[in-house]
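Close look at the chain arrangement
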Amino acid sequence: MNRLFGSSGAKAPKPTLNGAISNIDTRISSIDVKLASLNAELTGYQTKLSKMRDGPGKTAIKQKALKVLQRRKQYEAQRDQLQSQVWNMEQAQTMQDNLKNTMVTIDALKSTNKALRKEYGKVDIDKIERLQDEMADLLDVGNEIQESLARSYDVPEDVDEAELDAELEALGQEVEFEREMGGSEALPSFMQDEVPDFIDEAPSTAGKVKEAAG
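For clarity, every value in this text was computed on a predicted model and none was experimentally measured. (Residues numbered from 1 in each chain as written. Predicted model: local features only at pLDDT ≥ 70, side-chain atom pairs only at ≥ 80, totals over all residues. Heavy atoms only, no water.)

We now examine the environment of Gln81. Assignment of secondary structure puts Gln81 in helix α3 (residues 56-120). Residue classification places Gln81 among the exposed residues on the basis of a relative accessible area of 52%. Sequence separation of Gln81 and Ile28 is 53 residues, and the distance between their C-alpha atoms is 9.7 Å. (Helix = DSSP H or I, 4+ residues; strand = E, 2+ residues; numbered from the N terminus. Buried < 20%, exposed > 50% of the residue type's maximum accessible area, 1.4 Å probe, protein only.)

Now for the confidence of the model for the protein. Close inspection of predicted coordinates is inappropriate for parts of the model with low pLDDT. Confidence in the prediction of the protein, expressed as mean pLDDT, is 79, and 76% of residues score 70 or more. Within the protein, α3 carries the highest mean pLDDT (91), whereas helix α7 (residues 206-213) carries the lowest (47). Across residues 208-214, where pLDDT falls below 50, the model places zero contacts with residues more than four positions away in sequence or in other chains. (pLDDT = per-residue confidence, 0-100. Contact = heavy atoms within 4.5 Å.)

Our next topic: the pattern of salt bridges. In total, this model carries four salt bridges according to the counting rule given. Here Arg79 ties to Asp32 by a salt bridge, and the two come within 3.2 Å at their closest N and O atoms. Of the two residues, Arg79 sits in helix α3 while Asp32 sits in helix α2 (residues 17-51), which places them 47 residues apart along the sequence. In this structure, Lys122 and Glu119 form a salt bridge, with 3.8 Å as the shortest nitrogen-oxygen distance. Exposure remark for Glu119: the relative accessible area of 44% places this residue in the partly exposed category. (Salt bridge = Lys/Arg side-chain N within 4 Å of Asp/Glu carboxyl O.)

Interhelical geometry of α2 versus α3 gives an angle of 160 degrees and a closest axis separation of 8 Å. As summarised for this structure, α2 and α3 are arranged roughly antiparallel, according to the angle between their axes. The interaxial crossing formed by α2 with α3 has left-handed handedness. (Axes fitted to C-alpha atoms, helices over the stretch in contact; angles between N-to-C directions. Parallel < 35°, antiparallel > 145°, perpendicular 65-115°, else oblique. Left-handed = near helix turned anticlockwise from the far one by under 90°.)

Across its 25 residues, helix α4 (residues 125-149) extends 36 Å between first and last C-alpha, which sits within 8% of the 36 Å expected from 1.5 Å per residue. Sitting at the head of α4, Asp124 places a side-chain oxygen 3.2 Å from the backbone nitrogen of Asp126. (Expected span 1.5 Å × (residues − 1). Polar contact = N/O pair within 3.5 Å; in protein donor to acceptor, adjacent residues only side chain to side chain.)

Another point: a nonpolar patch on the surface. On the surface, Leu116, Tyr120, Val123, Ile125 and Ile128 cluster together into a nonpolar patch covering about 480 Å² of accessible area. Elements with a contribution of two residues or more to the nonpolar patch: α3 and α4. Mapped onto the secondary structure, Val123 falls in the loop between α3 and α4. For Val123, a relative accessible area of 40% puts it in the partly exposed group. (Patch = residues over 30% accessible without salt bridge, like charges linked within 9 Å, V, L, I, M, F, W, Y side chains within 5 Å. Areas by Shrake-Rupley, 256 points an atom, 1.4 Å probe, with all protein chains shown as cover.)

Shown next as structure tokens:
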């Protein structure tokens, strides 16, 4: 009937490495329990043999101990074989996990590269270069403006201190000469033309002359 209409039962899941490792670990645990029992039995036989004299009884117990020891060796060989299988499967599981991680990394790199290409496609390199050139031109104009605003007027860049001393001495001599010629109240010639702009008329000196004459 199953051949004609097919089986309605669900298919058994495929075996996995983790499942196989778990099953073998269970078998190893079972063997360990048997080995512990055999070791306890051997210990009892060894205790008895150490207390018995040579004879048929001791020989019989020794034969039993040898059989137990042989069984223990067989179980130990089985356990070693199963542990080797577990080791190999664990290595295969590690390789499989590494491969999965590698594929995930590759997929992530592909997605990142795709996104980067999409974003970089929106960038106009020529436009950026033009913006950089315009920015450089604006910076040059700003520097020129700052230099123009910082320009000093009527002030020579290089001033000779010796010339200033000579000019100051000459002004002093002129002041002394004016005092000798016009009296102590006379203004020096280099100060006579300095009249403030807010004064409409020059100050009158007539009253002062009369007071001096009286």
